[in-house]
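Structural overview for review
So the chains spell out like this:
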Amino acid sequence: HGKLLAVDLSPLGVVLPAHASFVQGDAFDLPAALLSEFGPFDVVLSDMAPSTTGNRDSDRYRSFELVMHALEVARAHGREGSSFVAKIFMGPEYEDARRAIRESYAEVRTLRPETVRKNSVEVFLVATNKRPVDAG
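Computed from a prediction, not measured in an experiment: that's the story for all the values here.

On to the side chain of Arg-60. Within the element layout of this structure, Arg-60 appears in helix H2 (residues 56-77). For Arg-60, a relative accessible area of 17% corresponds to the buried category. Non-local contacts of Arg-60, meaning those with residues more than four positions away in its chain, are made with Phe-89, Met-90, Gly-91, Pro-92 and Glu-93.

Of note, Val-123 is situated in strand S6 (residues 122-130). A sequence separation of 37 residues divides Val-123 from Ala-86, and the C-alpha atoms of the two residues are 8.4 Å apart. When near neighbours in sequence (up to four residues on either side) are disregarded, Val-123 contacts Ala-86, Lys-87, Ile-88, Met-90, Tyr-94, Thr-110, Leu-111 and Arg-112.

Here H2 spans 32 Å end to end across 22 residues, near enough to the 32 Å set by a 1.5 Å rise per residue. Close packing links the buried residues of H2 with helix H1 (32-38), strand S3 (41-46), strand S4 (78-89), helix H3 (94-104), strand S5 (105-111) and S6. Between a side-chain oxygen at the N-terminus of H2 and the backbone nitrogen of Asp-57 the separation is 3.1 Å; the capping residue is Asn-55.

Further remarks concern the packing of H2 against H3. For the pair H2 and H3, interaxial distance at closest approach is 10 Å and the crossing angle is 5°. For the element pair H2 / H3, the angle class is roughly parallel. Two secondary-structure elements touch here, H2 through Phe-64, Val-67, Met-68, Leu-71 and Arg-75 and H3 through Asp-96, Ala-97, Ala-100, Ile-101, Glu-103 and Ser-104. Per-class residue counts for the contact of H2 with H3 are seven nonpolar, one polar and three charged.

Rules used throughout
- Residues numbered from 1 in each chain as written.
- Predicted model: local features only at pLDDT ≥ 70, side-chain atom pairs only at ≥ 80, totals over all residues.
- Heavy atoms only, no water.
- Helix = DSSP H or I, 4+ residues; strand = E, 2+ residues; numbered from the N terminus.
- Buried < 20%, exposed > 50% of the residue type's maximum accessible area, 1.4 Å probe, protein only.
- Contact = heavy atoms within 4.5 Å.
- Expected span 1.5 Å × (residues − 1).
- Polar contact = N/O pair within 3.5 Å; in protein donor to acceptor, adjacent residues only side chain to side chain.
- Axes fitted to C-alpha atoms, helices over the stretch in contact; angles between N-to-C directions.
- Parallel < 35°, antiparallel > 145°, perpendicular 65-115°, else oblique.
- Nonpolar A, V, L, I, M, F, W, Y, C, P; charged D, E, K, R; others polar.

Shown next, in the form of structure tokens:
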């Protein structure tokens, strides 16, 4: 098994296997040294979603911001050939997120898991085969 790093605002309700570590806190505040210690990653998966406010435009934009932050982590700490998965709320920013992910990954698909309610705006962007970081 490789190493697994899980981050969540809330405590985990499950026991993780020995190769996994958990940090309770804000993903935006993770020290780069911690990410470097666990990386490079084969997969960066973001199931982050904003606390919804009821304002659809604001909620969708905040979802986009979370995806872009997760993408920054994946770009900086993902191994060449790695994958990236991120939950996003469908909205005007969806294509911008997809385009940004495509800059770093060879293939990007959109998935709506069967378990997601039909009227939900949540989908997952799934990217594979991270391109090499351009040295120049």
